[in-house]
2 protein chains.
Amino acid sequence: MFSEKSAEAGVTYPRGFLAAGVRAGIKKSGNPDVAMIYSEREAAVAGTFTKNAVAAAPVRTSQAVVATHTARAVVANSGSANACTGVQGDADAAAMQRIAADVLGCASQDVIVASTGIIGQLLPMDKVEQGIHAAADVLSPTGSADAGRAIITTDTYPKAGAISVTLGGTEVRFGVIAKGSGMIRPDMATVLCFITTDADIDGVLLQEAFSEVIEHSLNMISIDGDMSTNDMAIILANGAAGNPKIMEKGDDYALFKDTLLVLCQGISEKIAADGEGATKFITVHVKGAMSFADAKTVGMSVANSPLVKTAFFGEDPNWGRVICAVGYAGVPMHPAHTTVKFGGIPVYADGVGVSYDADALRAVMTAHDIVIEIDLGDGTEEAKVWTCDFSYEYVKINGEYHT
Amino acid sequence: MFSEKSAEAGVTYPRGFLAAGVRAGIKKSGNPDVAMIYSEREAAVAGTFTKNAVAAAPVRTSQAVVATHTARAVVANSGSANACTGVQGDADAAAMQRIAADVLGCASQDVIVASTGIIGQLLPMDKVEQGIHAAADVLSPTGSADAGRAIITTDTYPKAGAISVTLGGTEVRFGVIAKGSGMIRPDMATVLCFITTDADIDGVLLQEAFSEVIEHSLNMISIDGDMSTNDMAIILANGAAGNPKIMEKGDDYALFKDTLLVLCQGISEKIAADGEGATKFITVHVKGAMSFADAKTVGMSVANSPLVKTAFFGEDPNWGRVICAVGYAGVPMHPAHTTVKFGGIPVYADGVGVSYDADALRAVMTAHDIVIEIDLGDGTEEAKVWTCDFSYEYVKINGEYHT
């Protein structure tokens with residue numbers, strides 16, 4: 001039905017998209033810090049944004065673009081978040097938008113803007129402007145990797161993906177670049193995620209599908225329970241594939257949504273696995289819940305528990321901390337109905353610990369990827385939350401990442 | 001009105017109370033692990049308990065005692081939590097209660113039982129029984145310090161306090177011992193707090209006053225956002241002072257409650273300052289809220305943020321992480337109305353950072369005690385939350401505290 005492609009292809013895998021990433025000197029490190037994605041034709045756009053009441057200027061600016069359902073380009077910078085920057089911050093976000101629109105020959109309202117990095121500093125607009133011009137000069141059908149490198153902050157590597165599916169007899173392509181790392185939690189704190197597709201789909205349907213997919217992918221990640229001021233996930237659909245335009249919730253819509261979910265869950269796993277200082281990739285799979293919301297709440301409670309996360313860093317099968325976090329999640333649960341498994345090995349059932357093969361469990365705990373399975377035994381709904389462990393390195397990164 | 005006394009006096013400062021702490025070999029370390037508090041006369045009792053759905057056996061057992069409003073003794077062990085121990089755990093908690101009642105010559109229903117330590121192990125009942133007998137043999141009017149040492153786990157020192165007040169012309173005394181450290185958060189996770197007073201007060205009024213005081217003291221502490229299966233705070237009031245019995249909410253009741261609040265806020269500060277691996281004691285003072293609940297929610301959001309806690313460990317005045325945590329607390333707030341101060345120095349106002357004297361702020365950040373003041377500018381309610389920083393040592397303690 002669908003097939004995953006080389007992640008490297010990313011946002012320029014779909015037809016009609018160009019991308020670029022350049023060094024504008026916004027980051028002290030001198031690493032790439034301005035990214036641009038451009039659609040050669042007008043595209044439908046949809047987006048989801050942080051729910052933080054202290055939303056950054058670019059978030060507000062881009063929400064206005066998404067409200068129009070059409071866009072042509074994305075311009076993003078790393079190194080400075082343009083958050084908590086007051087009226088000057090709003091003016092700078094609007095200027096980023098206008099500068100990009102001028103150089104690309106489109107309307108300001110067609111440009112999504114995004115920023116990530118340190119909170120509370122004004123953007124160095126001279127550098128940003130130079131960066132936007134430089135990026136526009138090198139837009140390329142193979143520029144996705146450069147764009148991906150230009151949006152990361154404390155990430156240890158850029159995240160990207162690509163996938164294709166056949167809709168109405170036509171091959172439709174999807175690509176993504178993302179940044180994640182620290183502060184990630186439900187509502188996608190400090191995630192920037194840019195998706196392109198050459199599918200032809202109605203803008204309103206695109207938003208509905210995208211919101212549903214994000215709720216089951218990026219919003220299921222937790223790194224440290226914090227939520228940032230700058231998060232956004234954006235999708236541009238430019239119709240270059242020439243598929244029969246998706247105008248209703250039929251088979252093509254369902255397949256479009258399923259494919260998008262595979263792409264977004266894949267990128268979500270990459271983001272969680274690269275949490276700041278992470279040494280483990282942990283999947284918390286909650287089953288037997290009365291609702292998806294309950295399952296997600298329980299999964300997040302476990303995934304956000306510093307005691308659980310430090311125990312897994314220590315490779316300690318401390319199921320007591322897991323069941324404790326289940327118990328305070330705020331979801332009605334029955335200890336005697338609940339079972340907990342680590343890597344498929346039961347460690348808690350019927351209200352007590354289960355005796356286990358210590359060698360087998362040690363093999364589970366010392367692996368990089370670990371699945372915590374929690375069956376509440378009360379219903380049929382389930383949810384998967386992706387997270388990582390809490391390491392010395394996490395404290396080092398965040399204790400020394402000075403403002 | 002009231003005067004604080006030597007903390008060492010603790011739960012044996014009030015008249016008619018004896019206490020003891022002994023080594024029963026439950027802790028591998030060989031440190032004291034069984035504590036007993038005994039009232040020479042029947043006492044009114046009140047308590048508050050963890051809200052964790054996975055409550056430990058002793059919590060359920062002691063809730064039944066508190067429901068009767070009268071008690072004579074408290075017996076507590078450290079080293080093993082008797083949590084997630086199923087029907088055997090319930091039987092063991094009842095046995096602890098019965099053994100203590102037999103040796104003290106009171107009814108089982110008059111004995112509060114408490115346990116703290118590793119989750120999921122059955123109590124070594126032979127050692128527990130020996131410990132209860134040994135403790136009863138050495139009950140003493142100066143035994144509070146020994147009892148305090150016998151209830152701690154990863155605490156670096158025992159916590160205690162004492163205070164007196166004049167009610168109806170009579171001196172009334174209060175004392176407390178407590179344990180805290182890791183896993184502490186609202187609803188008192190992993191806090192054991194035992195308070196004695198020789199005041200004479202109706203049991204129902206005692207519970208009402210105690211619940212209100214705990215909500216404004218122990219429930220305002222956060223160390224790492226986790227909540228344990230074993231927490232309880234208990235107060236015994238034996239009337240030995242001979243004050244006119246408090247039967248209604250008059251002046252004596254108000255003064256009794258105020259004095260109890262001072263005692264409980266003092267012990268709460270000590271618990272927060274001794275959080276696992278803590279290098280800083282942080283007070284998050286939220287003002288200008290529409291309600292106490294809103295102020296507490298915002299304070300807890302900041303106090304539970306690993307990014308805020310690691311920043312303070314790094315002595316970095318990262319107000320961006322603070323305002324970010326305010327923004328995602330879930331309480332309606334206006335960035336432009338909100339001000340943030342560190343040690344009285346404004347760092348955020350009118351939606352942007354405030355320029356500050358770097359040397360003065362460095363002096364604030366390098367101190368051990370730091371006050372984060374957040375004024376939401378929307379109302380007149382306030383709340384103080386006490387927490388600590390997140391250090392390498394926290395990760396070490398919790399990564400290596402093996403089950």
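Definitions and cut-offs
Residues numbered from 1 in each chain as written. Chains lettered and ligands numbered in written order. Predicted model: local features only at pLDDT ≥ 70, side-chain atom pairs only at ≥ 80, totals over all residues. Heavy atoms only, no water. Helix = DSSP H or I, 4+ residues; strand = E, 2+ residues; numbered from the N terminus. Rg over C-alpha atoms; globule rule 2.2 N^0.38 Å. Buried < 20%, exposed > 50% of the residue type's maximum accessible area, 1.4 Å probe, protein only. Polar contact = N/O pair within 3.5 Å; in protein donor to acceptor, adjacent residues only side chain to side chain. Contact = heavy atoms within 4.5 Å. Pairing = 2+ DSSP bridges. Arc of directions from axis to C-beta. Domains from an automatic or database assignment. Buried area = accessible area lost by both parts, 1.4 Å probe. Salt bridge = Lys/Arg side-chain N within 4 Å of Asp/Glu carboxyl O. Nonpolar A, V, L, I, M, F, W, Y, C, P; charged D, E, K, R; others polar. Axes fitted to C-alpha atoms, helices over the stretch in contact; angles between N-to-C directions. Parallel < 35°, antiparallel > 145°, perpendicular 65-115°, else oblique. Left-handed = near helix turned anticlockwise from the far one by under 90°. Phe/Tyr/Trp six-rings, centres within 6.5 Å; stacked < 30°, edge-to-face > 60°. Lys NZ or Arg CZ within 6 Å of the ring centre and 35° of its normal. Disulfide = S-S within 2.5 Å.

Participant: What's the story with the overall build of chain A in this structure? I'm lost.
Facilitator: Helix and strand counts for chain A come out as 11 helices and 15 strands. Over its C-alpha atoms chain A spans a radius of gyration of 21 Å, differing by no more than 12% from the 22 Å that the globule rule assigns to 403 residues. Dimensions along the principal axes, computed over C-alpha positions, put chain A at roughly 65 × 50 × 35 Å. Taken across its 403 residues, chain A has 62% of its residues classed as buried.

Participant: Even after reading the chapter, I still don't get the environment of B:Ile372, so can you show me in this structure?
Facilitator: Assignment of secondary structure puts B:Ile372 in strand S14 (residues 369-375). When the C-alpha atoms of B:Ile372 and B:Ala55 are compared, they prove to be 33 Å apart, with 317 residues separating the residues in sequence.

Participant: Quick question: what am I supposed to make of the side chain of B:Thr196 here?
Facilitator: All names here are of chain B. Along the chain, threonine 196 turns up in strand S8 (residues 192-197). For threonine 196, a relative accessible area of 1% corresponds to the buried category. Here valine 11 takes part through its backbone oxygen, which lies 2.8 Å from a polar atom of the side chain of threonine 196. Excluding residues that lie within four positions of it along the chain, threonine 196 makes contacts with Val11, Pro14, Phe17, Ile37, Arg173, Phe174, Gly175 and Leu236.

Participant: How do you make sense of the pairing of strand S10 (residues 281-289) of chain B when you look at a structure like this?
Facilitator: All names here are of chain B. With 8 of 9 residues buried, S10 is to be regarded as a mostly interior element. Note: S10 against S14, 7 bridges, orientation parallel. Bridge pairing links lysine 287 to aspartate 375 in S14. Looking at chain direction, S10 and strand S15 (residues 381-388) are connected through 7 bridges and run antiparallel. Within the sheet, the bridge partner assigned to phenylalanine 281 lies in S15 and is cysteine 388.

Participant: What am I meant to see in helix H10 (residues 358-365) of chain A here?
Facilitator: Turn by turn, an α-helix covers 3.6 residues, leaving residues three or four places apart pointing in a common direction. Residues of H10(A) that are buried: A:Leu361, A:Val364 and A:Met365. What you see down the axis of H10(A) is that its buried residues fit within an arc of 90°, all on one side.

Participant: Just checking my understanding: could you explain the domain arrangement of chain A for this structure?
Facilitator: A common way to report how large an interface is uses the accessible area buried once the components associate. Residue and element names in this part refer to chain A. What the domain assignment reports for chain A is domain 1 (2-273) and domain 2 (281-399). Residue-level contacts link 17 residues of domain 1 with 16 residues of domain 2. In total, domain 1 and domain 2 occlude about 1,400 Å² of area from one another, counting both sides; carbon and sulfur atoms represent 64% of this. Connecting domain 1 to domain 2 are 1 salt bridge. For lysine 296, the salt bridge goes to glutamate 215, with nearest N and O atoms at 2.9 Å. One can count 3 residue pairs in polar contact (both at pLDDT 80 or more) joining domain 1 with domain 2. Residue contributions to the side of domain 1 that touches domain 2 peak at 5 residues, all from helix H6 (residues 251-273). Across the side of domain 1 that touches domain 2, the residue classes break down as 6 nonpolar, 8 polar and 3 charged.

Participant: Explanation requested: the packing of helix H8 (residues 306-313) of chain A against helix H9 (residues 319-327) of chain A in the structure shown.
Facilitator: A packed helix pair is summarised by two numbers, namely the angle formed by the two axes and the spacing between the axes. All names here are of chain A. Taken N-terminus to C-terminus, the directions of H8 and H9 make an angle of 160°; their axes are 9 Å apart at the nearest point. Relative to H9, the element H8 is oriented roughly antiparallel. The interaxial crossing formed by H8 with H9 has left-handed handedness. Of H9, the residues touching H8 (which contributes Leu307, Val308, Thr310, Ala311 and Phe312) are Arg321, Val322 and Ala325. Looking at the contact of H8 with H9 residue by residue, the classes come out as 6 nonpolar, 1 polar and 1 charged.

Participant: How should I be thinking about the pairing of strand S6 (residues 159-167) of chain B in this particular structure?
Facilitator: Consecutive side chains along a regular strand alternate between the two faces of the sheet. All names here are of chain B. For S6, the tally of buried residues reaches 8 of 9 residues, placing the bulk of the element in the interior. Pairing geometry for strand S1 (residues 2-5) and S6, over 4 bridges, is antiparallel. What sits directly across from lysine 5, in S6, is alanine 162. Sheet topology note: the S6/strand S7 (residues 170-179) ladder contains 9 bridges and is antiparallel.

Participant: How do you make sense of the packing of aromatic side chains when you look at a structure like this?
Facilitator: Two descriptors summarise a pair of aromatic rings, namely the distance from one centre to the other and the angle between the planes of the rings. In this structure the tally under the stated criterion is 7 aromatic pairs over all chains. The interplanar angle of 40° and the centroid separation of 5.4 Å between the aromatic rings of A:Trp319 and A:Tyr348 together place this pair among those described as tilted. One end of the pair, A:Trp319, is in helix H9; the other, A:Tyr348, is in strand S12 (residues 345-349), and 29 residues separate them in sequence. Each member of the pair, A:Trp319 as well as A:Tyr348, carries the same accessibility label: buried. One residue, B:Lys309, lies across the ring of B:Phe390, its end atom 5.5 Å from the ring centre.

Participant: Would you mind showing me how to read the state of the cysteines here?
Facilitator: Disulfide: a covalent bond formed between the sulfur atoms of two cysteine residues. Inspection of the entire model under this criterion finds 0 disulfides over all chains. Left unpaired, A:Cys193 is separated from the closest cysteine sulfur, that of A:Cys264, by 5.6 Å. Relative accessible area serves as the criterion here: at 0%, A:Cys193 is assigned to the buried category. Cysteine B:Cys388 remains unbridged, with the sulfur of A:Cys324 as its closest cysteine sulfur at 17 Å.

Participant: Looking at this structure, I do not really get the sheet that holds strand S10 (residues 281-289) of chain A. What am I missing?
Facilitator: Pairing between the strands of a sheet is mediated by backbone hydrogen bonds and can be parallel or antiparallel. All names here are of chain A. Pairing within the open sheet is mixed, and its 6 strands lie in the order S13-S12-S11-S14-S10-S15. The open sheet terminates on both sides in strands that have one partner only, identified here as strand S13 (352-353) and strand S15 (381-388). Inspection of the sheet shows strand S11 (residues 339-342) paired to strand S14 (residues 369-375) by 4 bridges, in the antiparallel sense. Counterpart to valine 340 in the pairing with S14 is isoleucine 374. Sitting on the sheet, H6 is in contact with S10 and S15, with an inclination near 40° to S15.

Participant: Looking at this structure, I do not really get the pattern of salt bridges. What am I missing?
Facilitator: All chains considered together, the criterion is met by 26 salt bridges over all chains. The partner of A:Arg15 in a salt bridge is A:Asp198, and the shortest N-O contact between them spans 2.7 Å. Here A:Arg15 is found in the loop between strand S1 (2-5) and strand S2 (17-22), whereas its partner A:Asp198 is found in the loop between strand S8 (192-197) and helix H5 (203-215), with 183 residues between them in sequence. Its relative accessible area of 29% is what places A:Arg15 among the partly exposed residues. Between B:Glu212 and B:Lys257 there is a salt bridge, with the nearest N and O atoms lying 3.0 Å from each other. Highlighted residues: B:Glu212 in helix H5 (residues 203-215) and B:Lys257 in helix H6 (residues 251-273), separated in sequence by 45 residues. Owing to a relative accessible area of 18%, B:Lys257 belongs among the buried residues under this scheme. One continuous salt-bridge network, built from bridges that share partners, spans A:Arg15, A:Glu171, A:Arg173 and A:Asp198.

Participant: What am I meant to see in unusual backbone geometry here?
Facilitator: Both trends apply: most residues other than glycine have a negative phi, and most peptide bonds are in trans. Phi angles above zero are rare outside glycine, and B:Cys84 is one such case at about 60°. The topology assignment puts B:Cys84 in the loop between strand S4 (70-80) and helix H2 (86-104).

Participant: Just checking my understanding: could you explain helix H9 (residues 319-327) of chain B for this structure?
Facilitator: Of all 9 residues making up H9(B), 9 are buried, and the element is well covered by its neighbours. Taken together, the buried positions of H9(B) are B:Trp319, B:Gly320, B:Arg321, B:Val322, B:Ile323, B:Cys324, B:Ala325, B:Val326 and B:Gly327.

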